[in-house]
Every structure is written in structure tokens, then in C-alpha cells.
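Overview (structure and organization)
One letter stands for each residue in the lines below.
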Amino acid sequence: MEEVKYELSEFKAAWQAKCPRCRVGHVYQGPAYGLKVQKMNSHCEYCGLRYEREPGYFYGAMYVTYAFAIAEMVTACMATYILTGNDSSFILYATVAILSVVLMSPFNYRYSRIILMYWLTPGLRYDPNVKKKEVDVKASA
């Protein structure tokens, strides 16, 4: 009898922060929001993919973070206007914009890197036939 392996969809795997190549291993240790700072794994524990493909690879995620921050600030300020009807208080809107970015920064950090790996990196694609590899992180770091 052949083993049937359940495969996550691309969006579900990205939402769960799984490895973009095998969709099994975890990219991060722990949840996005918590008492500890998020820690990104250097390698996939299942297939051995090195997440930072080259030095400075994740600098590209800053552009995604910027787009997230702009969308969050605009949404928060529009919601503030709809709820309060106040359109003349600079302090109110500046406070709302800054708070929205600060509160969403763990989300932005995590998912800007996930989006970079899943959809903005050529050559990094899902391989359903990838096998489990023994990863020696200390030897390859």
C-alpha cells in the first residue's frame, strides 16, 4: 500500500509559515505575536533548504513591509475618519498611523519574508518530491 501524503495549498502553507520548497518544515520558531522575539530558522528541518539564499537576501522584504505599512496606515486612518468624523486633528491621525504600524510590525516582519520567498524569488518553487534530509545546521552555517 502506497503512503498518501497530504499537501498544503500554496496560500495555506504561506499563512502557516511553512518552507516554500517542501511545505512541511517551519520557517519561524513560535507564533508571530508572543512574549518572545520572533526567531527565524536558518534551514528547513525537513528538506534542508537554507532560507537566506545569499547575504542581504531579506533586504528585498523591506519593500513588502513598506507596502504593508502604507496599506495599514491608510486603512486605520480611514476607519478612524469613518468612526469619528473628525478630519482636522493631525495628532489623532498621526497617533493612529503610528500605533497601527507598531502593532502590526510582528505580522509585517513575518509575512514580508514569507511573501519574498514564496512569490518574489525566482527559482524557489515547491517540489512535491523533495525527500527528508538530515540537516547539520552547525556544519553548513
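Residues numbered from 1 in each chain as written. Predicted model: local features only at pLDDT ≥ 70, side-chain atom pairs only at ≥ 80, totals over all residues. Heavy atoms only, no water.

As annotated in an unreviewed UniProt entry, the protein carries the name DUF983 domain-containing protein and comes from Sphingobacterium puteale.

Time to look at the side chain of Asn41. Locating Asn41 in the fold gives a position in the loop between strand S2 (39-40) and helix H2 (61-84). In terms of polar contacts, Asn41 uses its side chain to reach the backbone carbonyl oxygen of His26, at 2.9 Å. (Helix = DSSP H or I, 4+ residues; strand = E, 2+ residues; numbered from the N terminus. Polar contact = N/O pair within 3.5 Å; in protein donor to acceptor, adjacent residues only side chain to side chain.)

The subject of this paragraph is the nonpolar core. Residues Cys44, Cys47, Tyr51, Ile114 and Met117 are the most contacted members of the largest nonpolar core, which totals 26 residues. Mapped onto this core, the elements with two or more residues apiece are helix H1 (10-15), H2 and helix H3 (90-119). Top contributing element to this core by residue count: H3, with five residues. Setting aside chain neighbours within four positions, we find Ile114 in contact with Ala14, Ala17, Val27 and Tyr28. (Core = buried A, V, L, I, M, F, W, Y, C linked by side-chain atoms within 4.5 Å. Buried < 20%, exposed > 50% of the residue type's maximum accessible area, 1.4 Å probe, protein only. Contact = heavy atoms within 4.5 Å.)

This part is about H2. An ideal rise of 1.5 Å per residue puts 34 Å on 24 residues; H2 measures up with 34 Å between its terminal C-alpha atoms. Residues of H2 that are buried: Ala61, Val64, Phe68, Ala69, Glu72, Ala76, Cys77 and Thr80. Contacts from the buried residues of H2 go to H3. One or two residues past the end of H2 sits Gly85, with phi positive at roughly 75°. (Expected span 1.5 Å × (residues − 1).)

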